[in-house]
Amino acid sequence: MKVTVVGAGAVGASCAEYIAMKNFCSEVVLVDIKEGFAEGKAMDLMQTASLNGFDTKITGTTGDYSKTAGSHVAVITSGIPRKPGMTREELIGINAGIVKEVTENLVKHSPEVIIIVVSNPMDTMAYLVHKTSGLPKNRIIGMGGALDSARFKYRLAEALESPISDVDGMVIAAHSDTGMLPLLSKATRNGVPVTEFLDEEKQKYVIEETKVGGATLTKLLGTSAWYAPGAAVSVMVQAIACDQKKMIPCSLMLEGEYGQNDICLGVPAIIGANGVEKIVNITLTAEEQLKFAEAAQAVRDVNGDLKF
Ligand SMILES: NC(=O)C1=CN([C@@H]2O[C@H](COP(=O)(O)OP(=O)(O)OC[C@H]3O[C@@H](n4cnc5c(N)ncnc54)[C@H](O)[C@@H]3O)[C@@H](O)[C@H]2O)C=CC1
Ligand SMILES: O=C([O-])CC(=O)C(=O)O
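Residues numbered from 1 in each chain as written. Chains lettered and ligands numbered in written order. Predicted model: local features only at pLDDT ≥ 70, side-chain atom pairs only at ≥ 80, totals over all residues. Heavy atoms only, no water.

### Topic: the site of ligand 2
So, point 1. Taken together, R82, R88, N120, L147, R151, H175, G214, T218 and S224 make up the full set of residues near ligand 2.
So, point 2. Measuring from an oxygen atom of ligand 2, one finds a side-chain N or O atom of R151 at 2.7 Å.
So, point 3. In the model, an oxygen atom of ligand 2 is placed 2.6 Å from a nitrogen or oxygen of the H175 side chain.
So, point 4. Considered on its own, ligand 2 offers 260 Å² of accessible surface; in the complex 94% of this is hidden by protein.
So, point 5. Counting residues per element, the ones that place at least two in the shell around ligand 2 are helix 6 (145-160) and helix 8 (213-221).
So, point 6. Classifying every residue of the shell around ligand 2 by side-chain character gives one nonpolar, five polar and three charged.
So, point 7. Residue-level mapping places the shell around ligand 2 at the junction of two domains, with at least three residues from each of domain 1 (2-143) and domain 2 (144-305). (Near = heavy atom within 4 Å. Polar contact = N/O pair within 3.5 Å; in protein donor to acceptor, adjacent residues only side chain to side chain. Areas by Shrake-Rupley, 256 points an atom, 1.4 Å probe, with all protein chains shown as cover. Helix = DSSP H or I, 4+ residues; strand = E, 2+ residues; numbered from the N terminus. Nonpolar A, V, L, I, M, F, W, Y, C, P; charged D, E, K, R; others polar. Domains from an automatic or database assignment.)

Here is the structure:
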């Protein structure tokens, strides 16, 4: 299994590191536009191989896509991250051009590739990849829900004063500060609904902190996060590489599912060797349905700023 990661910055390098450390694929190619940067990150990471015990070969290239030929999976992390006080949506002006160009290069050299889109605003960038790549819809997957769900579990465990391994939960809808939908109604501690343990104030705290999870870290770090994003991508790549058929919330092109059409939005899906094996339809409460529709409208408005 050959994986390309475009963008060797904070998130791209973290993706490469977690993928390599989990030792499930033979080769990771890092691509960046900055001269020598991807080569340097690849060399540094390879020098951890004997220390961390992996055999994945990591190489780097400055924009030579022939080195990515035959990739099974490609992860797009190229583009600018937000600064404190910004929204993800404000990144569209610069990132749309980068994502479009990168997609064309990837598909040219790896026509069978499955693309995982990370660059922000992610739901809109995933939509852009659909509109410009010509790939079938099962081979374009936006990463947001896996990360947001991990942050949801972190906040649930904090509020429950429990180990994180005790809790389960999922975030769907948009990967944005306002459009995330943490499904509190379905979150559990060892199978027991968390609503049995948390009062309304704590429930509200968990939901609000989850939604602004990325903004909170951006304020603390001065740029956006990378460890959890890289780990989330590695889980998705492993689900494809090992045909795990894991249920992961991902930003996918909807054609009628959840009452939406012609939009990429976070929904639970089975991820396996073919990329998206199936979109899973779950029952939402009336309030959740309304929030999902509101999130869709906001993403649709941002998509309207795209020029193809
Ligand atoms: N979907 C998600 O959950 C998350 C998305 N992100 C997004 O991921 C993106 C990357 O974030 P960071 O890694 O922190 O930024 P970064 O600035 O550390 O890295 C971005 C890299 O992209 C490279 N790049 C720019 N244009 C390129 C091109 N045309 N071809 C190849 N490489 C190019 C830059 O040289 C840089 O090394 C941002 O848009 C950020 O908002 C970040 C975290 C989570
Ligand atoms: O917050 C950001 O801008 C980066 C991101 O998408 C995240 O960490 O969730």
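### Brief notes about the UniProt feature "active site" (unreviewed entry) in the protein chain
So, point 1. When the UniProt feature table is mapped onto this chain numbering, "active site" (unreviewed entry) sits at H175.
So, point 2. Its place among the elements puts H175 in the loop between strand 8 (171-173) and strand 9 (180-182).
So, point 3. Taking relative accessible area as the criterion, H175 reaches 9% and is therefore assigned buried.
So, point 4. In this view, H175 contacts R88, N120, M122, D123, G144, L147, D148 and M180; residues no more than four positions away in its chain are not counted.
So, point 5. In this structure the side chain of H175 is engaged in a polar contact, spanning 3.3 Å, whose partner is the side chain of R88. (UniProt positions renumbered as here; feature names shortened; annotations may be inferred. Buried < 20%, exposed > 50% of the residue type's maximum accessible area, 1.4 Å probe, protein only. Contact = heavy atoms within 4.5 Å.)

### A look at the site of ligand 1
So, point 1. Ligand 1 sits among 27 residues. The nearest are V11, D32, I80, N120 and M143.
So, point 2. Contact between ligand 1 and N95: an oxygen atom at 3.2 Å from a side-chain N or O atom of the residue.
So, point 3. Protein chains bury 89% of the 870 Å² of accessible surface belonging to ligand 1 in isolation.
So, point 4. Broken down by secondary-structure element, the contributors of at least two residues to the shell around ligand 1 are helix 1 (10-21) and helix 4 (92-109).
So, point 5. Considering every element that reaches the shell around ligand 1, the biggest residue donor is helix 4, with three residues.
So, point 6. The residue makeup of the shell around ligand 1, split by class, is 16 nonpolar, nine polar and two charged.
So, point 7. Residues from two domains meet in the shell around ligand 1; each of domain 1 (2-143) and domain 2 (144-305) gives at least three.

### Comments concerning helix 7 (residues 200-211)
So, point 1. The end-to-end C-alpha distance of helix 7 is 17 Å, a good match for the 16 Å that 12 residues give at a rise of 1.5 Å each.
So, point 2. Those residues of helix 7 not exposed but buried are Q203, V206, T210 and K211. For helix 7, the arc enclosing every buried residue in end-on projection is 125°, short of the 170-degree limit, so these residues lie on one face. The outward face of helix 7, more than 90 degrees from its buried face, is lined by the exposed residues E201 and K204.
So, point 3. Contacts from the buried residues of helix 7 go to helix 6, strand 8, strand 9 and helix 8. (Expected span 1.5 Å × (residues − 1). Arc of directions from axis to C-beta.)

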